[in-house]
Amino acid sequence: MTDPIAVLVEDDPEQAEVSQSVLEAAGYVVQSFNSIAPAQNHIRTSEDLIDLFVLDRRLPVNAGEPATDEFGDELLNEVRLGHPDARLIVFTGFATIRHVQESLQGSGQLPAQEGQPLDRVTVLEKDQSLEFKEQVEQFRKLLQDLDDIEIITSPGAAPLSVLDKRTLRRLAFDYGAASVSVSSLAGGMTDAGVWRCQINRTEGLIATVVAKRVRAPGSAGGLPELLPRANTTAIVRTISGLMAGKHVNVLQLAGESPYSLMDVIAERPAQAVELAKPVWDALHGVAAQQTTLTVAALSESLIAWERLSELLRAYGIQTPAGSLSVTTHIGPRHGDLHPGNVLIDNGQAVLIDFDSETFAAGLLDPITMLISTLVHPASPLCGEAWPDASHITSTFATPEFGQGHSCEVWFRGVQDWINECQTSQREYWALVLAYAGRQLQYGDVLKNQEIVDRIVAIAALAADALRSS
Ligand SMILES: Nc1ncnc2c1ncn2[C@@H]1O[C@H](COP(=O)(O)OP(=O)(O)O)[C@@H](O)[C@H]1O
Ligand SMILES: [Mg+2]
């Protein structure tokens, strides 16, 4: 078991020694600093899971310089905002304690321990060493309660990082669990952890859920709420606190052993269309508003227009002006609808992975579905000779695209969906250009020359078509 980490920033050597020994006695590993600059540098760059910050409010920027409240407050604010789920104890002088307490009021709470949530921020006077010891020990007890939860992995599973373990225990803690059995669902290209979790209390199994660690909390009232329940995996809850600023989305399981639509496309393209159809219809049915904006704004959720121009320039493609007007229908969209994010359970398609959910063109999701099938590293067409750049150049966006290929039916199905959603030609080509160009920033895409050739062929075609639209 790893001891929790506390960062201590204190310029008075005597006080630093007292605080350090209190922290160590309670079982923390202490990372100690006597001025702001080195502490800031450490906090900004450390990969450690820091649970507790103990800060003096009056500090010098560098050792030996005069200490001021002003600089101390800057550090305090940086920690408060940058580590929104860590515990924070602030020492201040007798004259200012009231003022500081008031200004830090409402800084949030940490998970309930026997129904008693812990304030995240505590302000103490310099001589309140007894209170400090109490606070430190009480928080240590909470961390111990978390560590007491057993994590059960299957033999041979990849080792879990400190943050993984904390994430899984934090989840189990919320369920009042004694142990959690986990298996990794190996997320795609994000560094987010995704696990299937069986949550056990002493009396037995109480829930099986999917836990996904994300950077930002889920947006309640978004797209999943607007789609039929059968076609989405609801977020049961979002948990935060004590996970280095990360959040965990707890999701309903999409069946016992679902497989992805990606796996169906190559073998049974007609069935893939059949399976996807209800989801496409549901997405198409989400309310949207017709509006006119610039192609740069239309593509914003995919990529910034300047960045797109820069990426394409390297391949000799000139990007048309981002100021072109385009008519479209804007509404809530999935935002990353590649076939790997459509799971099939019991013959029913279920959407997952709403992390990129966005308010955008109705055509965004169908375009993503189309091009991702050609370029996504997990696509069965990745590593296939078809379609090569010349087939793309001569047939993309025409009824001839895919003709004679075993996946032809799939592409025809996606094209039908595109036709249903499309508001204008410009909309189509701008999104094709933006989606294709965006791929050129991913390392795993750039590693595969065949994929790069496809992307460049699509982008070149789209740039020309958009310019002459
Ligand atoms: N609700 C769920 N039910 C079952 N499996 C899921 C669920 N959510 C995700 N998975 C599995 O975990 C994988 C990664 O999840 P996903 O949300 O797509 O993460 P990423 O953002 O890394 O693509 C999926 O491809 C799927 O196999
Ligand atoms: Mg995914």
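These figures come from a predicted structure and were not determined experimentally.

Engineer: Sorry, what's going on with helix 17 (residues 449–467) here?
Structural biologist: Think of an α-helix as 3.6 residues a turn; residues three or four steps apart then line up on the same face. With 19 residues, helix 17 should cover 27 Å at 1.5 Å per step; its first-to-last C-alpha distance of 27 Å lies within 8% of that length. Those residues of helix 17 not exposed but buried are Ile451, Val452, Arg454, Ile455, Val456, Ala457, Ile458, Ala459, Ala462, Ala463, Ala465 and Leu466. Each element contacted by the buried residues of helix 17 is listed here: helix 10 (295–298), helix 11 (305–313), helix 12 (364–375), helix 13 (389–395), helix 15 (425–439) and helix 16 (443–446). For helix 17, the N-terminal cap is Asn448; the gap from its side-chain oxygen to the backbone nitrogen of Glu450 is 3.1 Å.

Engineer: Is there a simple way to explain the side chain of His334 in this structure?
Structural biologist: One can find His334 in the loop between strand 16 (325–333) and strand 17 (342–345). Dropping the residues within four chain positions of it, His334 is found in contact with Leu223, Asn341, Leu351, Ile352, Asp353, Phe354, Ser356, Glu357, Thr358 and Asp365.

Engineer: Looking at this structure, how should I read empty space enclosed by the protein?
Structural biologist: Gaps left between atoms are located by rolling a probe of water-molecule size over the structure's atoms. Scanning all chains against the criterion turns up one cavity of 30 Å³ or more. If you add up the space inside the largest cavity, you get close to 30 Å³. Around the largest cavity sit Leu49, Ile50, Asp51, His83, Asp85, Ala86, Leu242, Met243, Ala244 and Gly245, which together line it. The residue inventory of the lining of the largest cavity, partitioned by class, reads six nonpolar, two polar and two charged. Structurally, the lining of the largest cavity is a two-domain feature, drawing no fewer than three residues from each of domain 1 (5–145) and domain 2 (150–251).

Engineer: In this structure, what is going on with the sheet that holds strand 19 (residues 358–361)? I would like to understand it.
Structural biologist: Within a sheet, neighbouring strands are paired by backbone hydrogen bonds and run either parallel or antiparallel to one another. Strand order in the open sheet made by the three strands is 15-16-19, with antiparallel pairing throughout. Two strands in the sheet have a free side with no partner beyond their single neighbour: strand 15 (289–294) and strand 19. Averaged over all pairs of adjacent strands, the angle between their axes in this sheet comes to 45°, without regard to strand direction. Strand direction decides the pairing type here: strand 16 and strand 19, joined by four bridges, are antiparallel. In the sheet register, Arg333 faces strand 19, and the bridge partner there is Thr358. Each of strand 16 and strand 19 touches helix 15; the most contacted strand, strand 16, lies at about 65° to it.

Engineer: Please clarify how the coordination of the magnesium ion (ligand 2) should be interpreted in this entry.
Structural biologist: Tetrahedral coordination by four donors sets the ideal angle at the metal to 109.5 degrees; octahedral coordination by six donors sets it to 90 or 180 degrees. Around the magnesium ion (ligand 2), the protein contributes the donor atoms Asn341 (OD1) and Asp353 (OD), at 2.2 Å from the metal centre. Taken together, the residues span a long stretch of sequence, with Asn341 in the loop between strand 16 and strand 17 and Asp353 in the loop between strand 18 (348–351) and strand 19 at a distance of 12 residues.

Engineer: Hey, could you run me through the environment of Leu88 in this one?
Structural biologist: Position of Leu88 among the secondary structure elements: in strand 4 (residues 87–92). For the pair Leu88 and Ser107, spaced 19 residues apart in the sequence, the C-alpha separation amounts to 9.8 Å. Leu88 has contacts with Leu52, Phe53, Leu55, Leu76, Val79, Arg80, Arg120, Val121 and Thr122, leaving out every residue within four places of it along the chain.

Engineer: So what exactly am I meant to see when it comes to the layout of surface pockets here?
Structural biologist: What the second largest pocket holds in volume is close to 690 Å³. Around the second largest pocket, the lining is made up of 27 residues, and of these Glu47, Asp48, Leu49, Ile50 and Ala244 lie nearest the centre. Of all the secondary structure elements, the ones that give two or more residues to the lining of the second largest pocket are helix 2 (36–45), strand 3 (50–56), helix 3 (69–82), helix 5 (129–147) and helix 6 (162–174). Broken down by class, the residue content of the lining of the second largest pocket amounts to 11 nonpolar, six polar and 10 charged.

Engineer: Got a minute to help me understand the sheet that holds strand 14 (residues 259–260) in this structure?
Structural biologist: Pairing within the open sheet is antiparallel, and its three strands lie in the order 14-17-18. Each edge of the sheet is formed by a strand with only one pairing partner; in this case those strands are strand 14 and strand 18. In terms of strand pairing, strand 17 meets strand 18 through four bridges, oriented antiparallel. Bridge pairing in strand 18 links Val342 to Leu351.

Engineer: How do you make sense of the packing of helix 15 against helix 17 when you look at a structure like this?
Structural biologist: When two helices pack together, you describe them by how their axes are tilted relative to each other and by the distance separating the axes. Where helix 15 meets helix 17, the axes come as close as 8 Å, and the angle between the chain directions of the two elements is 150°. Considering how the two elements wind past one another, helix 15 and helix 17 form a crossing that is left-handed. For the pair helix 15 and helix 17, contact is made by Arg426, Trp429, Ala430, Val432, Leu433, Ala436 and Gln439 and by Ile455, Ile458, Ala459, Leu461, Ala462, Ala463, Ala465 and Leu466, respectively. The class makeup of the residues in the contact of helix 15 with helix 17 is 13 nonpolar, one polar and one charged.

Engineer: Sorry if this is basic, but what is going on with the domain arrangement of the protein here?
Structural biologist: Many structure descriptions define interface size as the accessible area lost when the parts assemble. Domain boundaries in the protein define domain 1 (5–145), domain 2 (150–251) and domain 3 (259–467). Its C-alpha centre places domain 1 at a distance of 29 Å from the equivalent point of domain 2. Each partner contributes residues to the interface: domain 1 has 11 residues there, and domain 2 has 11 residues. Roughly 920 Å² is buried in total at the junction of domain 1 and domain 2, and carbon and sulfur atoms are behind 70% of that figure. Considering only the surface of domain 1 that becomes buried against domain 2, Leu49, Asp85 and Pro111 emerge as the three largest contributors, covering 63% of it. Across the pair Asp51 and Arg166 runs a salt bridge, and its minimum N-O distance is 2.7 Å. Where domain 1 meets domain 2, there are four residue pairs in polar contact (both at pLDDT 80 or more). Listing elements by their share of the side of domain 1 that touches domain 2, those giving two or more residues are strand 5 (109–113) and helix 5.

Conventions adopted
Residues numbered from 1 in each chain as written. Chains lettered and ligands numbered in written order. Predicted model: local features only at pLDDT ≥ 70, side-chain atom pairs only at ≥ 80, totals over all residues. Heavy atoms only, no water. Helix = DSSP H or I, 4+ residues; strand = E, 2+ residues; numbered from the N terminus. Expected span 1.5 Å × (residues − 1). Buried < 20%, exposed > 50% of the residue type's maximum accessible area, 1.4 Å probe, protein only. Contact = heavy atoms within 4.5 Å. Polar contact = N/O pair within 3.5 Å; in protein donor to acceptor, adjacent residues only side chain to side chain. 1 Å grid on protein atoms, 1.4 Å probe; cavity = no way out; pocket = protein on both sides within 12 Å on 5 of 7 lines; lining within 4 Å. Points joined across faces, edges and corners; volume = space filled by probe spheres on them. Nonpolar A, V, L, I, M, F, W, Y, C, P; charged D, E, K, R; others polar. Domains from an automatic or database assignment. Pairing = 2+ DSSP bridges. Axes fitted to C-alpha atoms, helices over the stretch in contact; angles between N-to-C directions. Donors = N, O, S within 2.8 Å, 3.2 Å for Na, K, Ca; no water. Left-handed = near helix turned anticlockwise from the far one by under 90°. Buried area = accessible area lost by both parts, 1.4 Å probe. Salt bridge = Lys/Arg side-chain N within 4 Å of Asp/Glu carboxyl O.

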